[in-house]
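Working through the structure, step by step
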Amino acid sequence: MSETRKPWHGVIVATSLPFDDDLSVDFGAYGESVAHLAAQGMHGVAPNGSLGEYQTLTYEERDRVVETAVANAPEGFTVMPGVGAYGGREAERHARFAKDAGCQAVMCLPPNAYRADDRAVLQHFERVASVGLPVTAYNNPIDTKVDLRPDLLAKLHAEGYIVGVKEFSGDVRRCYEISELAPGLDLMIGTDDTVLEVALAGAKGWVAGYPQVFPRACLALYEASVRGDLEAALPLYRQLHPVLRWDSKTEFVQAIKLGQELTGRRGGPCRPPRQPLAPETEAVVRAATQALVDAGVN
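Residues numbered from 1 in each chain as written. Predicted model: local features only at pLDDT ≥ 70, side-chain atom pairs only at ≥ 80, totals over all residues. Heavy atoms only, no water.

- Within an unreviewed UniProt entry, the label attached to the protein reads 1-pyrroline-4-hydroxy-2-carboxylate deaminase, and the organism entered is Streptomyces lividans 1326.
- Turning to the protein, the UniProt record has this under Sequence similarities (unreviewed entry): "Belongs to the DapA family." (UniProt positions renumbered as here; feature names shortened; annotations may be inferred.)

Below, the structure is given as structure tokens:
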């Protein structure tokens, strides 16, 4: 791993969180998962994001997830927790805990208690940035109903509040506008099923879900994509796309946890309100994942 890599660069896995049958957090299994991802060549983890079901966790659980990730991260391996919260005070609190725990950066959603305007977004990120850790914004207008538009991202970057953005809108066209309006803002792939397109637009990292299921293949895809090596990237992208597209669907947590189970890792159940996959949906995810397993993808 390059010593010059910034903490938010490379493949940063948005980790799922294993629960026991009583839906308590299995911190031992989570720590093992972090260590496994590091051993597979990933560059870091982003705990307490949407894939980590952060909305269902208590503060104490969120804190312990961060501590567990840090404890199992080898030298040079990034821990970039999500600090998503309804309010700025809460997001700032989570960022401060991350700093005190030894994390290298945080990932921050805009306020999502209501449809925040630009003033509210700027104040929100100002609070989180005041903690002193690098902040990567997470643009997910589908879930938060707040769109971090390219011009708003440029303002946030100009004020020194953010260093990068996980772009989850699915609109690859805006990636070029972001680079024009804020050349120093690092673009990060946010949707697994736009890896190639966003990489070609100049991405510096990938906050990723499916490397938990197929770490080596996803790493090879990312590296070929950012090199612009279409000969290597495109066949692999086509092969992986039947599973990668589930990262952008409502059932992405359940789909990725099923993939972990099918590849011998710990996935397990989800907390409410997430329900098990409907039988017809599970059949599609299972078939797509098993086809890759049978083809020797890992």
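1. Focus: the packing of aromatic side chains
- Taken as a whole and judged by the stated rule, the model has two aromatic pairs.
- In this structure, Lys166 is placed above the aromatic ring of Tyr138, and the distance from its NZ or CZ to the ring centre is 4.0 Å.
- Directly above the aromatic system of Trp246 lies the positively charged group of Lys249, at a separation of 5.4 Å from the ring centroid. (Phe/Tyr/Trp six-rings, centres within 6.5 Å; stacked < 30°, edge-to-face > 60°. Lys NZ or Arg CZ within 6 Å of the ring centre and 35° of its normal.)

2. A word on a nonpolar patch on the surface
- Together, Tyr176, Leu200 and Leu230 make up an exposed nonpolar region whose accessible area comes to about 280 Å².
- Within the fold, Tyr176 resides in helix α7 (residues 173–181).
- Take Tyr176: its relative accessible area is 40%, and that puts it in the partly exposed class. (Patch = residues over 30% accessible without salt bridge, like charges linked within 9 Å, V, L, I, M, F, W, Y side chains within 5 Å. Areas by Shrake-Rupley, 256 points an atom, 1.4 Å probe, with all protein chains shown as cover. Salt bridge = Lys/Arg side-chain N within 4 Å of Asp/Glu carboxyl O. Helix = DSSP H or I, 4+ residues; strand = E, 2+ residues; numbered from the N terminus. Buried < 20%, exposed > 50% of the residue type's maximum accessible area, 1.4 Å probe, protein only.)

3. Focus: the state of the cysteines
- With the rule as written, the count across this model stands at zero disulfides.
- Its sulfur unpaired, Cys103 is 14 Å from the next cysteine sulfur, which belongs to Cys108. (Disulfide = S-S within 2.5 Å.)

4. A short note on the environment of Arg274
- Assignment of secondary structure puts Arg274 in the loop between α11 (252–262) and α12 (279–294).
- Those residues in contact with Arg274 that lie beyond four places of it in its chain are Ser50, Glu53, Gln55, Phe252, Val253 and Gln254. (Contact = heavy atoms within 4.5 Å.)

5. Some remarks on the UniProt feature "binding site: pyruvate" (unreviewed entry) in the protein
- As annotated in UniProt, the feature "binding site: pyruvate" (unreviewed entry) corresponds to Val207 in the numbering used here.
- Summarising the element assignment, Val207 is placed in strand β8 (residues 205–208).
- Judged by its relative accessible area of 1%, Val207 is buried.
- Apart from residues no more than four positions distant in its own chain, Val207 is found in contact with Ile12, Ala14, Ala46, Met80, Met107, Lys166, Met188, Ile189, Gly190 and Asp192.

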